[in-house]
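Commentary on secondary and tertiary structure
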Amino acid sequence: MEEKKVSGLSTLSILSLFLISMGVTVVTPAMATLAQHFAGHDVSWISTLPTLFVVVGTFVAGSVMGKAMKYRTLAIVSCILYLIGGCGPAFFDNYMITLVFRAILGFGLGMMSPLGNALIIGLYKGQKQASMLGYGTLCMNAGGIVLQMLGGSLASIPEVGWKYVFYGHAFCLVGLVMAFFLPEPETPAAAADAPKAKEKMNGIVWVIAGLFCLFNVLNFPIMMNISVLFEVRNAGGATAAATSLSLYTVAGCVAGLLFGKIFQLMQRWCLAIGYALCGLGALCVYVGTSGPVMTMGLMLIGFGFSIIMPCFMAWTGMATPPSTVAAATSILMALMNLGGFLSSFWLQLLNAVAGENLYSAIIVEVVVFFATAAAFVFYSPFKKK
């Protein structure tokens, strides 16, 4: 199929979906403030509950996207849910109502999450597609930095910080406005004289989705416990840990910016390189006793994952028929988010088996990532041209 001409405004509208896609992280810098305000309640649910509903929303999006509902309409609806669920808790000083709104936020984010990648795979081909997938990863990481900084600034307002942090989700207005300019991928026209057999999604999509899920199951423990590692190693405490996490995201931005060129030069080896960098980064976090070494480890993981993610999306677009791309990207994003949710159970299992879950989780991550890198050395879905 011939590549459809996409205007500059339409391209910006697609990238805006990535820019606002990390809305769950707005409250991350405010957890201490929320714990003080909602004393006696487990405020960790405010952070983790949306991820479960992201999975639900993503599957719903996959079943209606481009079929029962246009991409543009789905984006507008998801942005509205994002705004209602994100900003709603600011108007009700109630823990349970806050959780209801957080569930709505997660559902809206879930409906939005496969849209950007599905549009890129449907609208762009070849090297242009690879570059756009990289730019999408760049915007996702850049938006995450903006949202976290916005949430931290609002949470620091005396007395009302717990309320104002939820207003940070109003950043979604950027996506809502731009959603009206989203293009619609062309659907292959069916022959008028003969019914066309229904295309089936390639089973490799579930393998890719499983790898996505496994990555987050293994990597989330480092992200959640990095502040603990900084503390026990006297490496600077919470402030230094927060800076390291920011640099993790910055490294992801750099990888997203360079992904098109990286993919063009060494596409055969991209997945192996991405996993090797993540394994090396996790090893640095494990052996590092100083802040700079652990920070370098986080940056390597951030850079590596921002190579792996667009590679997986490109692999999906290459492996499955065009009519199934929307459902396929929904499955990928759903299982990626499910991995984050399942990481808590993974830590509980390690604690039961090994008696601790901080260092053993990192060891398992290092071994699995290097083993996966080795596997992609011998097998790659991307062949040399």
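Residues numbered from 1 in each chain as written. Predicted model: local features only at pLDDT ≥ 70, side-chain atom pairs only at ≥ 80, totals over all residues. Heavy atoms only, no water.

Quick look at the overall build of the protein chain
Along the protein chain, the regular secondary structure elements total 15 helices and zero strands. The C-alpha atoms of the protein chain give 21 Å as radius of gyration, which agrees with the globular expectation for 385 residues (21 Å, within 12%). C-alpha atoms of the protein chain, sized along the principal axes, occupy 70 × 50 × 35 Å. Within the protein chain, buried positions represent 53% of all 385 residues. The contacts of the protein chain with a sequence gap of at least 6 include a subset with a gap of at least 24, amounting to 84%. Of the roughly 16300 Å² of accessible surface on the protein chain, a fraction of 69% belongs to carbon and sulfur atoms. If the 18 positive side-chain charges of the protein chain are averaged to one point and the 12 negative ones to another, these points end up 11 Å apart. (Helix = DSSP H or I, 4+ residues; strand = E, 2+ residues; numbered from the N terminus. Rg over C-alpha atoms; globule rule 2.2 N^0.38 Å. Buried < 20%, exposed > 50% of the residue type's maximum accessible area, 1.4 Å probe, protein only. Contact = heavy atoms within 4.5 Å. Areas by Shrake-Rupley, 256 points an atom, 1.4 Å probe, with all protein chains shown as cover. Lys, Arg positive; Asp, Glu negative; His and termini not counted. Charge placed at Lys NZ, Arg CZ, Asp CG, Glu CD.)

Topic: the environment of Met318
Positionally, Met318 belongs in helix α13 (residues 291–319). In sequence terms Met318 and Val293 are 25 residues apart; their C-alpha atoms lie 38 Å from each other. Sequence-distant contacts of Met318, that is, excluding residues within four places in its chain, are made with Pro381 and Phe382.

Here's the deal with the nonpolar core
Grouped together as the largest cluster of nonpolar side chains are 115 residues, with contacts concentrated most on Tyr275 and Phe312. Beyond its immediate stretch of four places on either side in the chain, Tyr275 contacts Leu211, Phe215, Ile308, Phe312, Phe369, Thr372, Ala373 and Phe376. (Core = buried A, V, L, I, M, F, W, Y, C linked by side-chain atoms within 4.5 Å.)

Some points on the confidence of the model for the protein chain
Here the protein chain averages 85 in pLDDT, while 94% of its residues score no lower than 70. Here helix α2 (residues 31–37) stands out as the element of the protein chain with the lowest mean pLDDT, 80, in contrast to helix α12 (residues 270–287), whose mean of 94 is the highest. Note on residues 188–195: pLDDT under 50 across the span, and two contacts to partners over four residues away in sequence or across chains. (pLDDT = per-residue confidence, 0-100.)

Points about the packing of α13 against helix α14 (residues 325–354)
Helix-helix packing is described using two parameters, namely the angle between the two axes and the distance between the axes. With their axes 10 Å apart at the nearest point, α13 and α14 run at an angle of 150 degrees to one another. Classified by the angle between their axes, α13 and α14 sit roughly antiparallel to one another. Pair α13 / α14 crosses with right-handed handedness. Judged by residue contacts, Phe305, Met309, Phe312, Met313 and Thr316 of α13 engage Ala328, Thr329, Leu332, Met333 and Met336 from α14. Of the residues in the contact of α13 with α14, the class split is eight nonpolar, two polar and no charged. (Axes fitted to C-alpha atoms, helices over the stretch in contact; angles between N-to-C directions. Parallel < 35°, antiparallel > 145°, perpendicular 65-115°, else oblique. Left-handed = near helix turned anticlockwise from the far one by under 90°. Nonpolar A, V, L, I, M, F, W, Y, C, P; charged D, E, K, R; others polar.)

Here's the deal with the environment of Leu335
Mapping Leu335 onto the fold places it in helix α14. The sequence separation of Leu335 and Val54 amounts to 281 residues, and the corresponding C-alpha distance is 9.8 Å. Excluding anything up to four places from it in sequence, Leu335 contacts Phe59, Trp206, Ala209, Gly210 and Cys213.

Some thoughts on a nonpolar patch on the surface
A surface patch of nonpolar side chains, about 790 Å² in accessible area, is lined by Val228, Val232, Leu280, Leu283, Tyr286, Val287, Tyr359, Ile363, Val367 and Phe370. For the nonpolar patch, the elements supplying multiple residues, two or more each, are α10 (204–232), α12 and α15 (359–378). Along the chain, the position of Phe370 falls in helix α15. Phe370 sits in the partly exposed class, given a relative accessible area of 34%. (Patch = residues over 30% accessible without salt bridge, like charges linked within 9 Å, V, L, I, M, F, W, Y side chains within 5 Å. Salt bridge = Lys/Arg side-chain N within 4 Å of Asp/Glu carboxyl O.)

Observations concerning the packing of helix α3 (residues 44–64) against α14
The contact between α3 and α14 brings their axes to 8 Å, and the two run at 165 degrees. The angle between α3 and α14 places the two elements in the roughly antiparallel class. Crossing of α3 against α14: the hand is left-handed. Along the contact surface, α3 presents Thr48, Thr51, Leu52, Val54, Val55, Thr58, Phe59, Ala61 and Gly62, while α14 presents Ala326, Ala327, Ser330, Ile331, Met333, Ala334, Leu335, Asn337, Leu338 and Phe341. Residues belonging to the contact of α3 with α14 are distributed by class as follows: 13 nonpolar, six polar and no charged.

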